[in-house]
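A closer look at the structure
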Amino acid sequence: MKFADRLDGVTESATLRLNAMATQLKSQGIDVVNLTAGEPDANVLDPIKAAVEKALRENRSKYTPVPGIPDLRAAIAQKTNLQQPKIASPWTGKNVVVTNGGKQAIYNVIQAMVNPGDSVQFITPYWLSYPEMVKLAGGKPEALEPTDRKTFKLSPKELEEALHAKVKLFILNSPSNPAGVTYSLEEYQKLGEIFQKALDNGHDFYILSDEIYDRIVFTEAPFVSWLRACPGLQSRTITVNGLSKSSAMTGWRVGWSVASEEMIQVLSTLQGQQTSGISSLTQYAAVEALRLPDTDYQPMVQKFKDRQKLTLSILNKFKKMKWVSPEGAFYFFLDMSSYLKRGETAAPLAERLLSEAHVAVVPGEPFGAPNWIRISFALDERELVKGLEKMHQFLEGA
Ligand code: PLP
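Quantities reported herein were computed from a predicted structural model and do not represent experimental measurements. (Residues numbered from 1 in each chain as written. Predicted model: local features only at pLDDT ≥ 70, side-chain atom pairs only at ≥ 80, totals over all residues. Heavy atoms only, no water.)

**Brief notes about the layout of surface pockets**
- Computed from the structure, the largest pocket encloses a volume of approximately 680 Å³.
- K79, Q83, D214, R215 and D294 are, among the 25 residues lining the largest pocket, the residues nearest its centre.
- Among the secondary structure elements, those contributing two or more residues to the lining of the largest pocket are α3 (70-83), α10 (280-291) and α11 (294-315).
- Per-element accounting of the lining of the largest pocket gives the leading share, five residues, to α3.
- Residue composition of the lining of the largest pocket, grouped by class: 12 nonpolar, five polar and eight charged. (1 Å grid on protein atoms, 1.4 Å probe; cavity = no way out; pocket = protein on both sides within 12 Å on 5 of 7 lines; lining within 4 Å. Points joined across faces, edges and corners; volume = space filled by probe spheres on them. Helix = DSSP H or I, 4+ residues; strand = E, 2+ residues; numbered from the N terminus. Nonpolar A, V, L, I, M, F, W, Y, C, P; charged D, E, K, R; others polar.)

**Topic: the pattern of salt bridges**
- Taken as a whole, this structure holds 21 salt bridges when the rule is applied.
- Between E383 and K386 there is a salt bridge whose closest N-O contact spans 3.2 Å. You can see E383 and its partner K386 sitting in helix α13 (residues 381-396), three residues apart, about one turn around the helix.
- Overall, E383 belongs to the partly exposed group, its relative accessible area being 23%.
- Taking relative accessible area as the criterion, K386 reaches 28% and is therefore assigned partly exposed.
- Via salt bridges that share partners, K2, D5 and D8 belong to a single interconnected network. (Salt bridge = Lys/Arg side-chain N within 4 Å of Asp/Glu carboxyl O. Buried < 20%, exposed > 50% of the residue type's maximum accessible area, 1.4 Å probe, protein only.)

**Some remarks on the site of the ligand**
- Among the 14 residues in the neighbourhood of the ligand, the closest are listed as G102, D210, S244, K245 and R253.
- The contact in question runs from an oxygen atom of the ligand to an N or O atom on the side chain of S244, over 2.6 Å.
- At 2.7 Å, a side-chain N or O of K245 approaches an oxygen atom of the ligand.
- When the free accessible area of the ligand is taken as 390 Å², the share hidden by the protein chains comes to 91%.
- At four residues, helix α4 (residues 101-113) tops the list of elements feeding residues into the shell around the ligand.
- A breakdown of the residues in the shell around the ligand according to their chemical character gives five nonpolar, five polar and four charged. (Near = heavy atom within 4 Å. Polar contact = N/O pair within 3.5 Å; in protein donor to acceptor, adjacent residues only side chain to side chain. Areas by Shrake-Rupley, 256 points an atom, 1.4 Å probe, with all protein chains shown as cover.)

**Topic: the sheet that holds strand β7 (residues 237-242)**
- Strand order in the open sheet formed by seven strands is β2-β8-β7-β6-β5-β3-β4, with mixed pairing between adjacent strands. With one partner strand each, in any of the chains shown, β2 (96-99) and β4 (140-144) form the two edges of the open sheet. Each strand axis lies, on average, 20° off the axis of its neighbour in the sheet, ignoring direction.
- As paired strands, β2 and strand β8 (residues 255-258) are joined by four bridges and run antiparallel to one another. For T99, the partnering residue across the bridge sits in β8 and is G255.
- Along the sheet, α3 makes contact with β2, β7 and β8, crossing β2 at roughly 110°. (Pairing = 2+ DSSP bridges. Axes fitted to C-alpha atoms, helices over the stretch in contact; angles between N-to-C directions. Contact = heavy atoms within 4.5 Å.)

Here's what the structure looks like:
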């Protein structure tokens with residue numbers, strides 16, 4: 001069968017595929033430790049569940065406005081304003097479109113902005129959906145490789161050298177998936193100066209800041225939203241966020257874009273011909289999720305902090321393993337180079353790890369780093385320790 005050309009070269013999500021393989025082995029009774037999870041293992045908080053029950057009882061189940069119900073748009077604007085205190089024009093509900101997860105928010109921004117032939121840049125290792133989404137828009141994905149492999153942070157000089165006139169969109173992601181790379185205020189400000197210089201020189205482009213892991217940071221300093229560091233770039237920035245990771249609501253599919261009213265109108269028109277507004281019931285629950293104080297989410301965040309330390313303590317026992325210490329999100333990105341045979345990437349190693357040691361991990365190729373793997377620590381501590389020890393045994397015979 002011949003499918004549309006636009007699907008040529010677009011790949012299936014490796015995370016979802018490996019998760020499915022691990023689930024299948026488990027269903028055969030094999031004790032698999034699954035380190036592929038891309039979602040918090042915490043349960044949704046009770047008041048959020050109560051809010052969805054209430055909305056259901058009250059029959060609030062009709063179509064909603066495409067960009068979202070007013071209360072939710074206002075709550076998102078308020079949350080974003082708190083994270084971006086220095087922007088010149090505080091956001092209102094009109095600057096918000098609610099989407100089916102952060103994924104649809106990013107997909108639609110790319111669809112709205114990118115013409116065939118336009119370049120979209122992002123930093124390696126990147127969330128694996130960025131290049132595929134760019135390809136679906138006919139654009140050219142360009143991954144920028146930081147030379148600093150210890151932090152995977154792009155330097156201002158590297159950005160300046162890489163940014164060129166065909167770049168229509170630059171995607172930032174902090175804390176990042178897969179390496180937990182988290183930019184500080186000063187680091188973001190320095191990148192911002194380069195972007196500003198390019199804009200001053202007449203280069204017409206936008207910045208998408210993917211802030212989906214905002215709540216899960218391990219740094220002393222609090223999370224830094226891009227527009228907190230660079231408020232002057234407000235009119236050029238689309239902030240993407242959602243409740244998947246921060247409220248452990250992955251299956252509820254709540255994401256959003258915050259941007260200029262002009263941009264939001266275009267994104268709403270696109271969504272109106274595509275999926276319409278997201279589930280009405282979920283939106284009422286989302287208002288509650290945003291109303292809850294940060295302290296309600298602290299137990300989940302604390303667990304991630306503890307597991308990050310636990311993982312680190314076990315990884316330190318590996319003789320040949322290298323990694324980037326995550327400052328946010330819930331993954332470790334591990335350099336497997338010293339365990340690979342000549343010319344081998346980490347993908348066959350990940351398959352052997354699954355079939356022989358029964359530990360599922362995600363190979364780094366779709367994140368732009370073929371010799372690396374991603375492991376998640378969004379799982380029960382005992383399982384996590386078991387998985388890491390099995391890996392140690394498999395890789396180093398320890
Ligand atoms: N951005 C990043 C960096 C992610 O890791 C994910 C999910 O894994 C998303 C966006 C999309 O999140 P959602 O589940 O809300 O669509």
